[in-house]
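# Geometric and topological summary
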Amino acid sequence: MPDDLISRRQWLALTPLSAAVLAAQQHAHDVMRAGAPATLSVLGAAEAREIEALAAQIIPADGTPGAREAGVIYFIDRALATFDTDKRALYTEGLRQAQDKRHQLFPASQSIAALQPGEQIRLLHAIERTDFFELLRTHTIMSFFGNPSYGGNRDQSGWKLIGFDDRHHFDPPFGYYDGPEGGQ
């Protein structure tokens, strides 16, 4: 590279945008370190307990953290407050239908969260073909394996489960094709 040219990295460091990018990165790191948000913005406490109980059966804790331990309820709440606001009615109606099914299956029960794990699984089987279950399953999985800054995957539990190494920089070779024999 000629001496009078600057690299892309140097150019970015000189732009006013770089301060905003660095501030955004710092914010994301702070949120990740802080863990799950302390409060819910869309879901009420009772709704959150019921939804969390169902999510905890979708990804149960079995020697490794599950959906409850990963804080998926905070991701679901944030999703319903931001990119999936149009899905709020589906959660409200789906949870109502799940409560009706719970009462039908277990008339003496008071809540989904109070059911025994086997009963919760039986309830999930009874609602598994509904749009509500499909959305809950999707949100649970997205939360468990998503970036912790979005509200779930507390302590990177989902990433640790699959062996994902969260680094901002990876040194080559990234694969066999980057090694000395790869280009031949």
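No experiment lies behind these values; they were computed from the predicted model shown.

What counts, and at which threshold
Residues numbered from 1 in each chain as written. Predicted model: local features only at pLDDT ≥ 70, side-chain atom pairs only at ≥ 80, totals over all residues. Heavy atoms only, no water. Helix = DSSP H or I, 4+ residues; strand = E, 2+ residues; numbered from the N terminus. Buried < 20%, exposed > 50% of the residue type's maximum accessible area, 1.4 Å probe, protein only. Contact = heavy atoms within 4.5 Å. pLDDT = per-residue confidence, 0-100. Phe/Tyr/Trp six-rings, centres within 6.5 Å; stacked < 30°, edge-to-face > 60°.

Right, let's talk about the environment of Leu124 for a bit. Here Leu124 is to be found in helix 7 (residues 117-127). With a relative accessible area of 8%, Leu124 lands in the buried category. Considering only alpha carbons, one finds Leu124 and Lys101, 23 residues apart in sequence, at a separation of 9.7 Å. Sequence-distant contacts of Leu124, that is, excluding residues within four places in its chain, are made with Leu54, Gln57, Ile58 and Phe133.

Here we come to unusual backbone geometry. Note: most residues except glycine have negative phi, and most peptide bonds are trans. A positive phi is found at Asn153, a non-glycine position, where the angle reads about 50 degrees. The buried category is assigned to Asn153, whose relative accessible area is 0%. For Asp155, which is not glycine, the phi torsion reads 55 degrees and is therefore positive. Of note, Asp155 is situated in the loop between helix 8 (131-145) and helix 9 (157-162).

As a further point, take the confidence of the model for the protein. Taken as a whole, the protein shows an average pLDDT of 82; of its residues, 70% reach a score of 70 or greater. For the protein, the element scoring lowest by mean pLDDT is helix 2 (residues 17-34), at 52; helix 6 (residues 88-105) scores highest, at 98.

This paragraph deals with the packing of aromatic side chains. With the rule as written, the count across this model stands at four aromatic pairs. Taking 4.9 Å as the distance between ring centres and 70 degrees as the angle between the ring planes, the aromatic pair formed by Trp159 and Phe164 counts as edge-to-face.

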